[in-house]
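Structural characterization, general
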Amino acid sequence: MGKSFIDKKFYDAILNFDDSDEAQDYFYTYMESATGKVAKDGHEETVRDKILRIYATLFCEDTAMKNAPYADMDDVADTADRLYIGSVGYDSEHWYRMKHHFPVIDDDNFDRFAALVIADMNMGPLHDAAMNDGDTLVVGEADPLHMTAEQRKNQKTKSISIM
């Protein structure tokens with residue numbers, strides 16, 4: 001994949017977003033920075049575009065994708081509850097959205113959630129867990145909130161890694 005477009009300062013800004021105005025400023029500035037590439041529709045691609053494109057490719061194969069090839073708020077919201085770390089379960093240590101305190105995915109934070117997932121896979125604990133422990137991000141079936149424990153245990157899953 002070559003040199004990552006995600007750096008430690010950006011990853012830290014995502015993690016500290018709720019606690020720091022500086023982190024918020026850095027996050028928004030970085031998300032709107034140009035990647036140096038031109039998208040198929042002719043506009044200059046931003047980091048935000050790239051993150052939403054990668055997120056869509058990895059997680060949104062069965063969502064509406066009204067803004068293809070980029071994930072939009074509905075695509076991210078529809079997939080956020082399907083992401084697990086290492087194993088499928090209900091506990092907050094394994095359910096990605098709960099672990100990172102995103103109780104609601106909406107217009108204000110869908111791109112930050114997508115950025116967190118992609119940054120985490122590039123350089124955060126998800127990257128470290130994949131490299132050291134073999135744990136990866138697991139994508140389960142839709143609507144795990146309304147599944148029984150037995151259904152969650154027996155659902156079809158796929159492991160995602162960008163190594």
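Each chain has its residues counted from 1, running along the sequence as written. In keeping with the predicted nature of the model, local features appear solely for residues at pLDDT of at least 70, side-chain atom pairs appear and are counted solely at 80 or more, and the whole-chain, interface and lining totals rest on all residues. Here the side-chain values reflect all heavy atoms present in the structure, with hydrogen atoms and water set aside.

Comments concerning the layout of surface pockets
Cavities and pockets are found on a 1 Å grid laid over the protein atoms alone: a cavity is a set of points where a 1.4 Å probe fits but cannot escape, a pocket is an open set with protein on both sides within 12 Å along at least five of seven lines, and a lining residue has an atom within 4 Å of such a point. Grid points are joined across faces, edges and corners, and a volume is the space filled by probe spheres set on the points. Taken as a whole, the largest pocket encloses approximately 170 Å³ of empty space. Only DSSP runs of H or I reaching four residues or more are called helices, and only runs of E reaching two or more are called strands; each is numbered from the N terminus. Secondary-structure elements contributing two or more residues to the lining of the largest pocket are α1 (8-15) and α6 (110-123). Under the convention adopted here, Pro, Cys and the residues Ala, Val, Leu, Ile, Met, Phe, Trp and Tyr are nonpolar, Asp, Glu, Lys and Arg are charged, and Gly plus all remaining residues are polar. Across the lining of the largest pocket, the residue classes break down as five nonpolar, two polar and three charged.

A word on the pairing of strand β1 (residues 34-38)
Of the pairings in the sheet, the one linking β1 to strand β2 (residues 44-46) comprises two bridges and is antiparallel in character. Among the inter-strand pairings, V38 is bridged to a residue of β2, identified as E44. In this description, strands pair whenever DSSP reports at least two bridges between them. Here β1 hands over to β2 after five residues, with G42 in that stretch at a positive phi of 100°.

Overview of the nonpolar core
We define a nonpolar core as any set of buried Ala, Val, Leu, Ile, Met, Phe, Trp, Tyr and Cys residues linked to one another through side-chain atoms lying within 4.5 Å. Partly exposed residues are those whose accessible area sits between 20% and 50% of the maximum for their type, while under 20% is buried and over 50% is exposed, using a 1.4 Å probe and protein chains only. The biggest cluster of nonpolar side chains holds 43 residues, and the ones touching the most others in it are I51, Y55, F59 and F113. If you list the elements that add at least two residues to this core, you get α1, α2 (21-31), α3 (47-59), α4 (73-80), β3 (83-85), α6 and β4 (137-139). For this core, the element with the highest residue contribution is α6, accounting for nine residues. With residues near it in sequence (within four places) discarded, I51 still touches F5, I6, F10, M31, A114, A115 and I118. Contact between two residues is taken to exist if any of their heavy atoms lie within 4.5 Å; hydrogens are not considered.

Section: the side chain of D81
When you line up the elements, D81 lands in the loop between α4 and β3. On the accessibility criterion, D81 (18% relative accessible area) is buried. Side-chain atoms alone can form a polar contact between residues adjacent in sequence; in general such a contact is a pair of N or O atoms within 3.5 Å, and within protein one must be able to donate a hydrogen while the other accepts it. Polar contacts involving the side chain of D81 include one to the side chain of R97, which spans 2.3 Å.

Notes on α2
Turn by turn, an α-helix covers 3.6 residues, leaving residues three or four places apart pointing in a common direction. All of the buried residues in α2 are A23, F27, Y30 and M31. For α2, the arc enclosing every buried residue in end-on projection is 95°, short of the 170-degree limit, so these residues lie on one face. With respect to the buried face of α2, the exposed residues turned more than 90 degrees away are D21, E22, D25 and T29. Each element contacted by the buried residues of α2 is listed here: α1, β2, α3 and α6. This arc corresponds to the set of directions leading from the helix axis out to the C-beta atoms.

Quick word on the packing of α3 against α6
When two helices pack together, their arrangement is captured by the angle between the axes and the distance separating the axes. Fitted lines through C-alpha atoms give the axes, limited to the stretch in contact for helices. The angle between two N-to-C directions lies from 0 to 180 degrees. Remark: α3 packs on α6, axes separated minimally by 9 Å, with the N-to-C direction vectors making an angle of 75°. Taken together, the axes of α3 and α6 are roughly perpendicular relative to one another. Within the contact between the two elements, α3 uses R48, I51, L52, I54, Y55, L58 and F59 and α6 uses F110, D111, F113, A114, A115, V117, I118 and M121. Residue composition of the contact of α3 with α6, grouped by class: 13 nonpolar, no polar and two charged. Every angle not falling under 35 degrees, over 145, or within 65 to 115 is termed oblique; those three ranges are roughly parallel, roughly antiparallel and roughly perpendicular.

Here we look at the side chain of R112
In this fold, R112 is placed in helix α6. Look at R112 and you get buried, because its relative accessible area is 9%. In this view, R112 contacts I14, F17, D18, F27 and F102; residues no more than four positions away in its chain are not counted.

Notes on the packing of α1 against α2
Following both chains from N to C, one finds α1 and α2 inclined at 125°, their axes separated by 8 Å at the closest point. With respect to their mutual orientation, α1 and α2 come out oblique. Here the hand of the crossing between α1 and α2 comes out left-handed. Residues K9, F10, A13 and I14 of α1 form the contact with α2, whose participating residues are A23, Y26, F27, Y30 and M31. If you view the pair so one helix is near and one far, a crossing is left-handed when the near helix is turned anticlockwise from the far one by less than a right angle, and right-handed when it is turned clockwise.

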